[in-house]
Amino acid sequence: MADRVLCQELATPGTHYRRPKSGMASPNMGYANGGGSWRAAPRHTQKQQHQQQQRQTTPQQYGNSPGTGTASGGGGGRYVGKPTAEESQTVESTGAEVVAGLPATPRTTKQTRNKSEEAINDLLVRIPDIGKLFDVHSRIGNGTFSTVLLGTLRRESHLPDSLRRKFAIKHHIPTSHPDRIMKELQCMTKMGGTENVVGIHCCLRCDASAAFVMPYMAHDRFHDFYTRMDVPEIRLYMRNLLVALRHVHKFDVIHRDVKPSNFLYNRRRREFLLVDFGLAQHVNPPALGSSGSSVANNNNNNNSKRPRERDAMETVQQSAPADAGLGGAVKRMRLHEESSKMPLKPVNDIAQSELQQSAAADGSNPVQQQPVQQLQQQQQGQMDQTPSTASGSKYNTNRNASVAATNNAKCFCFANPSVCLNCLMKKEVHASRAGTPGYRPPEVLLKYPDQTTAVDVWAAGVIFLSIMSSVYPFFKAPNDFIALAEIVTIFGDQAIRKTALALERMITLSQRSRPLNLRKLCLRFRHRSVFSDAKLLKSHESVDGRCEVCRNCDQYFFNCLCEDSEYLTEPLDAYECFPASAYDLLHRLLEINPHKRITAEEALQHPFFTAAEEAEQADQDQVANGTPQTRKVRRQRYHNHKTVAATPEQLKQQVALDLQQSAINKL
Ligand SMILES: Nc1ncnc2c1ncn2[C@@H]1O[C@H](COP(=O)(O)OP(=O)(O)OP(=O)(O)O)[C@@H](O)[C@H]1O
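Residues numbered from 1 in each chain as written. Predicted model: local features only at pLDDT ≥ 70, side-chain atom pairs only at ≥ 80, totals over all residues. Heavy atoms only, no water.

Taking an unreviewed UniProt entry as the reference, the protein is identified by name as non-specific serine/threonine protein kinase belonging to Drosophila suzukii.

1. Describing the pattern of salt bridges
To be explicit about the condition: Just to be clear on terms, a salt bridge is a Lys or Arg side-chain nitrogen sitting within 4 Å of an Asp or Glu carboxyl oxygen. Helix and strand assignments come from DSSP, with helices taken as H or I runs of at least 4 residues and strands as E runs of at least 2, each series counted from the N terminus. Summary of the burial criterion: residues with accessible area below 20% of their type's maximum are buried, those above 50% are exposed, and those between are partly exposed, where the area comes from a 1.4 Å probe applied to protein chains only.
By the definition in use, this model includes 22 salt bridges. Among the salt bridges present, the one from R246 reaches E195, with a minimum N-O distance of 3.9 Å. Residue R246 is located in helix α6 (residues 231–250), and its partner E195 is located in the loop between α4 (178–191) and β8 (202–206); the two are separated by 51 residues in the primary sequence. With a relative accessible area of 32%, E195 lands in the partly exposed category. A salt bridge links R433 to D480, with the shortest nitrogen-to-oxygen separation between them at 2.8 Å. With R433 in the loop between β17 (430–431) and α12 (442–445) and D480 in helix α14 (residues 480–491), the pair connects residues that are 47 residues apart, well separated along the chain. Classification of R433 as buried rests on a relative accessible area of 3%. A residue is classified by how much of its surface remains accessible, and D480, at 7% relative accessible area, is buried.

2. Concerning the side chain of K259
Heads up, the condition is: Note on charges: Lys and Arg go in the positive column, Asp and Glu in the negative column, and His and the chain ends are not counted at all. In protein, a polar contact means a hydrogen-donor-capable atom and an acceptor-capable atom, both N or O and within 3.5 Å, with residues adjacent in sequence counting only if both atoms are side-chain atoms; elsewhere, any N or O pair within 3.5 Å suffices.
Within the secondary structure layout, K259 lies in the loop between β10 (253–254) and β11 (263–266). Of the side chains with opposite charge, D257 lies nearest to the buried K259, which makes no salt bridge, at 4.1 Å. A distance of 3.3 Å separates polar atoms of two side chains, one belonging to K259 and the other to T436.

3. Digging into the nonpolar core
To keep things clear, this is the line we draw: For this analysis, a nonpolar core means a set of buried residues of the types Ala, Val, Leu, Ile, Met, Phe, Trp, Tyr and Cys, connected via side-chain atoms within 4.5 Å. By definition in these notes, contact holds between two residues if any of their heavy atoms fall within 4.5 Å.
Ranked by size, the top nonpolar core spans 111 residues in total, and within it Y237, M238, F277, F464 and L589 carry the most contacts. What M238 contacts, discounting residues up to four positions off in sequence, is A460, F464, L589 and F609.

4. Structural notes on the side chain of S470
Turning to its location among the elements, S470 is positioned in the loop between α13 (454–469) and α14. Discounting chain neighbours no more than four positions away, the residues touching S470 are Y226, T227, L465, R526 and R528.

5. Structural notes on the confidence of the model for the protein
Stated precisely, the cut-off is as follows: For every residue, the pLDDT score states the predictor's confidence, bounded by 0 at the bottom and 100 at the top.
The share of residues in the protein with pLDDT of 70 or more is 58%, and the mean pLDDT across the chain is 70. Note that pLDDT drops below 50 for residues 1–106; the model gives that stretch 277 contacts with residues more than four away or on any other chain. Confidence drops under pLDDT 50 across residues 288–406; counting only partners more than four residues distant or on other chains, this segment forms 309 contacts. Quick note on the complex model: pTM equals 0.67, ipTM equals 0.97.

6. Considerations on the pairing of strand β7 (residues 166–172)
The test is simple: Following DSSP output, two strands are said to pair if at least two bridges run between them.
Here β7 lies mainly inside the structure; seven of its seven residues are buried. Covered by surrounding structure in β7 are K166, A168, K170 and H172 together with F167, I169 and H171, the residues of both alternating faces. Sheet analysis places strand β6 (residues 146–153) next to β7, joined by seven bridges and oriented antiparallel. Looking across to β7, one finds that S146 is bridged to H172. One ladder, built from six bridges, connects β7 with strand β9 (residues 209–215); its direction is antiparallel. Bridge assignment links H171 to a residue of β9, and that residue is A211.

7. Describing the state of the cysteines
Put simply, the rule reads: The disulfide criterion is simple: two cysteine sulfur atoms within 2.5 Å.
Scanning the entire structure with this criterion turns up zero disulfides. Sulfur of C202: no disulfide; nearest cysteine sulfur belongs to C203 and is 7.4 Å away. On the basis of relative accessible area, C202 is assigned to the buried category, the value being 14%. Not engaged in a disulfide, the cysteine C577 finds its nearest cysteine sulfur in C522; these two sulfurs lie 8.9 Å apart.

8. Let's talk about the pairing of strand β12 (residues 271–274)
Relative to β12, β11 runs antiparallel, the two being bridged by four bridges. Looking across to β12, one finds that L264 is bridged to L273. Counted between consecutive antiparallel strands, the loop separating β11 from β12 contains four residues, among which R270 sits at a positive phi close to 55°.

9. Focus on the UniProt feature "binding site: ATP" (unreviewed entry) in the protein
To keep it simple, the criterion reads: UniProt positions are given in the numbering used here, feature names are shortened, and annotations may be inferred rather than shown by experiment.
Feature annotation in UniProt assigns "binding site: ATP" (unreviewed entry) to the following positions: K170. With respect to the element layout, K170 can be found in strand β7. Not counting residues within four places of it along the chain, the set of residues in contact with K170 comprises S146, T147, V148, E184, A210, A211, F212, M214 and D276.

10. Topic: the packing of aromatic side chains
The condition is simple: Stacked, edge-to-face and tilted are the three classes for Phe, Tyr and Trp ring pairs, Trp counted by its six-membered ring, which pair at centre distances within 6.5 Å; planes under 30 degrees apart are stacked, over 60 edge-to-face, the rest tilted. When the NZ atom of lysine or the CZ atom of arginine is within 6 Å of a ring's centre and also within 35 degrees of its normal, the charge is said to sit over that ring.
Using the criterion set out here, one finds 22 aromatic pairs in the structure. On the numbers, 5.2 Å between centres and 65° between planes, the contact of F531 with Y575 is edge-to-face. Highlighted residues: F531 in helix α17 (residues 528–531) and Y575 in the loop between α18 (534–540) and α19 (580–589), separated in sequence by 44 residues. A residue is classified by how much of its surface remains accessible, and F531, at 2% relative accessible area, is buried. The partly exposed category is assigned to Y575, whose relative accessible area is 27%. Feature note: the residues F222, F225, Y226, Y237, F263, Y265, F272 and Y472 constitute an aromatic cluster, connected by ring pairs. Here the basic side chain of R235 rests over the ring of F608, its NZ or CZ set 4.8 Å away from the ring centre. The cationic tip of K447 hangs over the ring face of F481; the distance from NZ or CZ to the ring centre is 5.4 Å.

Spelled out as structure tokens, the structure:
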């Protein structure tokens, strides 16, 4: 059982540590393997992995060559301006540089340029109207189900570059299901264009191909800024992300794919944009109680599927073994049930709708307390999940006839090469797992059917964790079981067990694991070069060259990350760069239990944001009143914010102090 998996880079790469002779696990050990035992990952291997990762994420640059964009449009497609300073630093999620103006000297390889041209040609051939309306310049993003290209209006081609409006044209691949495209479109028309949520200008369709025309936002690449932001900028980034989520959640919509590449950020202009509603889903309305009555609602979850990274709806009984065994190669795409079939609006209707912010947001969040889940059981080698109770679940399927009779029946699967009859008779559980690996919350990994907007809040927490720890991606597991094990490693087994119980899921773990301290984790990662220094190890080694390793976190004792560490660890205060409230917010965003997790709305009221806002306000007031002490006050506040809280108790006290401080500031 792989319930203790050290997340990536926990063992610090780059320094050579002697293996402890005590026989304890070494910090050089990285992932647990599929069977749950620790697999040694020597430092050089980790380094290689890291380098490989770096290579994978090395920016590919796609400039638009002067010839692009003219496939069907004659000379009008040439885009011959120079990039502005701002534009030339913009990037796309796959690492491609988006040169919004024409690069004087294309900096792309031939291969990437070809890909960009291929994408342009493909779009213009499949939807010829695009070529009549737009000059398409380059590919700016490439996802599983779409390619995003940069376009400008042909009728504005006579204007100087700086005056030509830019558009992001999202070209859906023809195999994308119309319902999925329709839902994405509906999300954007209903919610977009405000509060950092991407809007849509129009949608063009020709036969099986569809393209969205969205406002283009030049943006920076997460890779380039996540380690460079100071606290005010982190605050700004997180606030804007939460503002976007609050807006989306007001519509009872779960974005389901919150990750850095879907939250665009233009550092210079301080602009933000949440994009990609391809996996968005409506929160299930409250259960009707009677068996089988809400199957259609449940089916709403199945609205979007991604065959590669993002796996959407699968039945619990099918999903995990295939994933685990085949590394994600086998993906089922059960596209669309009757509830999601809606006629597409005529193109013109959509084109005219310039992002009305019409839909009333009542703010209610019908987070339903889920009725009892039906029994289901899996034997996955590493982990069993068995719902603890049985009764009238709304997720009945055609197998529901004998449910009452079989729910409490004994299971005979164990040690048998087949699923026992009793288990075969159990109802299927439909739980969406749409989303990007690494950002899936515990409830998704536990296959809890009644997922809410808390799914997005967890993902925001993972982004925050990446920023605070300077580790991106933070979680990187090959399948959902290891993903869950990574979470267990950090948050401890108790938290997961309790949540599983609260969600009426059962999780069996082979060993216990105490939680790590998030502050220690962040600072230890952030300053990995310091804490992994060979000299530091040397200074802690005994005369015979041994150094004790913590059995729980597998770090050398002086770097122990455990919440309740029994060791005297290296002091971290000197390296502190965050206010205590940042850790508190991180804890709340990454609350294991989705029912207890903070909402985006609440998070925006957290002292991490409010204390700073009020401090700023007080500063402004003082300036307005001509008080000469502004700088001193600011310094004092900065000092306050730097105050360190080492334990959870101190952390709470610190947050209370922050609150007090903000109350004083108000006065
Ligand atoms: N409005 C926009 N302005 C600028 N760039 C954009 C815009 N929309 C999308 N992009 C770029 O295109 C990339 C892919 O867009 P999007 O996520 O919508 O496509 P996708 O096919 O769903 O991708 P993925 O499968 O990776 O999520 C984004 O990460 C971003 O870099």
